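Residue strings, one per chain:
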Amino acid sequence: VQLQASGGGSVQAGDSLRLSCVLSGGSFSSYNAAWFRQAPGKEREFVAAIRWNSGLTEYADSAKGRFAVSRDNFKNTATLQMNDLKPEDTAVYFCAAGLDPLRWSSLRGVTYNLWGQGTLVTVSS
């Protein structure tokens, strides 16, 4: 089972980008999907996530109101729509997938053990 992220690029502040994550070799419908990012010199941070059945989404405060996570289990894809991008959104974005834990707490509490290779988003002012 593999994840592959795509859709990154170089944009101006205020622009939009749509990142996609495709899972191959398995069924995405069993997995919760998440997006993380890592800016230069910083630790990787949670951005957004969506439950396996699309029944729940969670966002980092920095993403609320600007980013939207969605998924299409028939196409084995998850998507992160990013609007009104800011220079501080510059980072490598990773998609990740993980199964529900035995005791559910939140999407942030899921162990994401499948990771894509990352796609670079650069936002200039």
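Shown above is the structure to which this text applies.
Everything quoted here is computed from the prediction, not taken from an experiment. Note on numbering: residues in each chain are counted from 1, in written sequence order. Totals for whole chains, interfaces and linings use every residue, but because this is a predicted model, local features are given only for residues with pLDDT of at least 70 and side-chain atom pairs only at 80 or more, for both listing and counting. Only heavy atoms go into the side-chain values, all of them from the structure, while hydrogens and water stay out.

A. A look at unusual backbone geometry. A positive phi is found at S54, a non-glycine position, where the angle reads about 65°. The phi dihedral of D84 is positive, around 50°, even though this residue is not glycine. Starting at the N terminus, helices and strands are each numbered in turn, a helix being any DSSP run of H or I of at least four residues and a strand any DSSP run of E of at least two. Along the chain, the position of D84 falls in the loop between β8 (77–82) and β9 (91–98).

B. Local environment of the environment of Q4. When you line up the elements, Q4 lands in strand β1 (residues 2–6). Relative accessibility under 20% of the residue-type maximum defines a buried residue, over 50% an exposed one, and the middle range a partly exposed one, all with a 1.4 Å probe and only protein chains included. Q4 sits in the exposed class, given a relative accessible area of 53%. Beyond its immediate stretch of four places on either side in the chain, Q4 contacts S20, C21, V22, C95 and Q117. Residues are treated as being in contact if the distance between any of their heavy atoms lies within 4.5 Å.

C. Region of the structure containing the sheet that holds strand β7 (residues 67–72). Pairing in this open sheet of 4 strands is antiparallel, and the strands run β1-β3-β8-β7 from one edge to the other. Two strands bound the open sheet, and with one partner strand each, they are β1 and β7. Neighbour-to-neighbour, the strand axes of this sheet turn through a mean angle of 15°, independent of strand direction. For two strands to pair, DSSP has to find at least two bridges joining them. Pairing analysis gives 6 bridges linking β7 to β8, with the strands arranged antiparallel. Counted as the bridge partner of V69 is L80 from β8. Fitted lines through C-alpha atoms serve as axes, helices being fitted only where they are in contact, and the angles separating the N-to-C directions of these axes extend from 0 to 180 degrees.

D. A look at the pattern of salt bridges. Take a side-chain nitrogen of Lys or Arg and a carboxyl oxygen of Asp or Glu: if they are within 4 Å of each other, that pair is a salt bridge. Under the defined criterion, the tally for this structure stands at 7 salt bridges. Put simply, R37 and E45 hold a salt bridge, and the shortest N to O gap is 2.6 Å. The class of E45 is partly exposed, set by a relative accessible area of 35%. Across the pair K64 and D61 runs a salt bridge, and its minimum N-O distance is 3.2 Å. Grouping residues by exposure puts K64 and D61 together as exposed.

E. A look at the environment of W104. On the secondary structure map, W104 appears in the loop between β9 and β10 (114–115). For the pair W104 and N83, spaced 21 residues apart in the sequence, the C-alpha separation amounts to 30 Å.

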